[in-house]
Amino acid sequence: MNHTKGGLVIFTANSHPSNRELGKRIAERLGVELGKVQVYQEANRETRVQIQESVRGKDVFVIQTVSKDVNTTIMEMLIMVYACRTSCARSITGVLPYFPYSKQCKMRKRGSIVSKLIASMVCKAGLTHLITMDLHQKEIQGFFNIPVDNLRASPFLLQYIQEEIPDYRNAVIVAKSPSSAKRAQSFAERLRLGIAVIHGEAQDAESDQVDGRHSPPTVKTTGAIHPSMEIPLLIPKEKPPITVVGDVGGRIAIIVDDIIDDVDSFVAAAETLKERGAYKIFVMATHGLLSSDAPRFIEESAIDEVVVTNTIPHELQKLQCPKIKTVDISMILSEAIRRIHNGESMSYLFRNIGFHVPGKQ
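Scoring rules and cut-offs
Throughout, a residue's number is its position along its own chain's written sequence, starting from 1. The predicted nature of this model means local features are confined to residues of pLDDT at least 70 and side-chain atom pairs, given and counted, to a pLDDT of 80 or more, with totals for whole chains, interfaces and linings taken over all residues. Excluded from the side-chain calculations are hydrogens and water; all other atoms, namely the structure's heavy atoms, are used. UniProt positions are given in the numbering used here, feature names are shortened, and annotations may be inferred rather than shown by experiment. Secondary structure elements follow DSSP: runs of H or I no shorter than four residues count as helices, runs of E no shorter than two count as strands, and numbering proceeds from the N terminus. Each residue is assigned to one of three classes by its accessible area relative to the maximum for its type, calculated with a 1.4 Å probe on protein chains only: buried under 20%, partly exposed between the two thresholds, exposed over 50%. The criterion used for residue contact is that any of the two residues' heavy atoms lie within 4.5 Å. In short, Shrake-Rupley with a 1.4 Å probe defines the accessible areas, and a residue's cover is counted only from the protein chains shown. Basic side-chain nitrogens of Lys or Arg form a salt bridge, by our definition, when they fall within 4 Å of a carboxyl oxygen of Asp or Glu. Working convention: axes come from line fits to C-alpha atoms, limited for helices to the stretch in contact. Angles between N-to-C directions cover 0 to 180 degrees. By definition in this entry, angles of less than 35 degrees are roughly parallel, angles greater than 145 are roughly antiparallel, angles of 65 to 115 are roughly perpendicular, and the rest are oblique.

Looking at an unreviewed UniProt entry, one finds the chain named Phosphoribosyl pyrophosphate synthase-associated protein 2, with Ilyodon furcidens as its source organism. UniProt annotates the chain under Function (unreviewed entry) with the comment "Seems to play a negative regulatory role in 5-phosphoribose 1-diphosphate synthesis."

Okay, here's the thing in structure tokens:
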């Protein structure tokens, strides 16, 4: 059954077979067919997009997940959006469940804020609205000059905890670093559970201390400073040994974060929690990038289960590591598309409500 007004077209790019699968799920929920488009790379690796149906005067939604080749993913998105713009689409909404380069949203030394660049590029290509999920930093929304709906995956993960962890009442929500404490607090308050925070770092690695990258110089240098200016020196940072603030002994530890990519910090956190008496360890994250040897490290670690959503394709990683489970978030994306197309309020999707979703896949 079609749940939308007319004039809706949904396209999926060619980044990964799972992208088309996600697009099909969304289209089925809305009662429409996926739009006809051809996306391919020519012999010289240039991306070519051919829209194979009329989009004149229609609301177009372009679904794009992030594959391993993230730069090709971005180019596919940009070219498809521009193709819809030049084909006179009334509006073009990008559906990027995971916004690429979102980790590079702060100035680091002589680096650059790449997520701002990507935001400018998609707006310039012709995007009129963006639907995404759990941005690495909420402030990234300010990089765009178009409306951005930053949806939340937490209701799905919370429901997974309630339905798939029988004794979750004996659990404690863990932040693997102080920066993750706010997210952990949100989960803990909704589940009426306690919270623990891991602080500090292992003291056996001296490489950072030797090259001094993470601390200001301890020697006063006056060569480039005017003699009349007295600038106080910063005190060098020094992280304490690893400590766990909160009781995890005899409890289930549920580590929550927005992205799980390089799993070293999660594995180290799991070992620390095991030493402190946690008897079962879960990791919950919205975006499962799981790069490189992450599946093998998870399989060999003290982590019992890693639960992520399907914002990013990770079928191959699941074959390598049976500990990885997936929660489907296509329902909230399809509802967001329906509401935007029909001109309905989006506030319903941001309330503290539960969703009836399937458990693990």
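K.L.:
Tell me about the overall build of the chain, residues and numbers included.
P.N.:
Helix and strand counts for the chain stand at 10 helices and 14 strands. Put simply, the chain has 361 residues, and 49% of those count as buried. At a minimum sequence separation of 6, the contacts of the chain that also span at least 24 residues come to 67%. When the accessible surface of the chain is totalled, it reaches about 18600 Å², and 51% of it is carbon and sulfur.

K.L.:
Tell me what's going on with the pattern of salt bridges, and back it up with residues and numbers.
P.N.:
In total, this model carries 14 salt bridges according to the counting rule given. The shortest N-O distance in the salt bridge between Arg-25 and Glu-21 comes to 3.8 Å. Within this pair, Arg-25 and its partner Glu-21 are both found in helix α1 (residues 17-30), separated by four residues, close to a single helical turn. For Arg-25, a relative accessible area of 26% puts it in the partly exposed group. Glu-21 sits in the partly exposed class, given a relative accessible area of 41%. Here Lys-176 and Asp-257 are joined by a salt bridge, their closest N and O atoms 3.6 Å apart. One end of the pair, Lys-176, is in the loop between β8 (171-175) and α5 (181-191); the other, Asp-257, is in strand β11 (residues 252-260), and 81 residues separate them in sequence. Through salt bridges with shared partners, one network takes in Glu-21, Arg-25, Arg-29 and Asp-328.

K.L.:
Quick one: what's the story with the packing of helix α2 (residues 70-86) against helix α3 (residues 114-125), residue by residue and with numbers?
P.N.:
Interhelical geometry of α2 versus α3 gives an angle of 25° and a closest axis separation of 8 Å. Considered as vectors, α2 and α3 are oriented roughly parallel to each other. Touching Ile-74, Leu-78, Val-81, Tyr-82 and Arg-85 of α2 are Ile-118, Met-121, Val-122, Lys-124 and Ala-125, all from α3.

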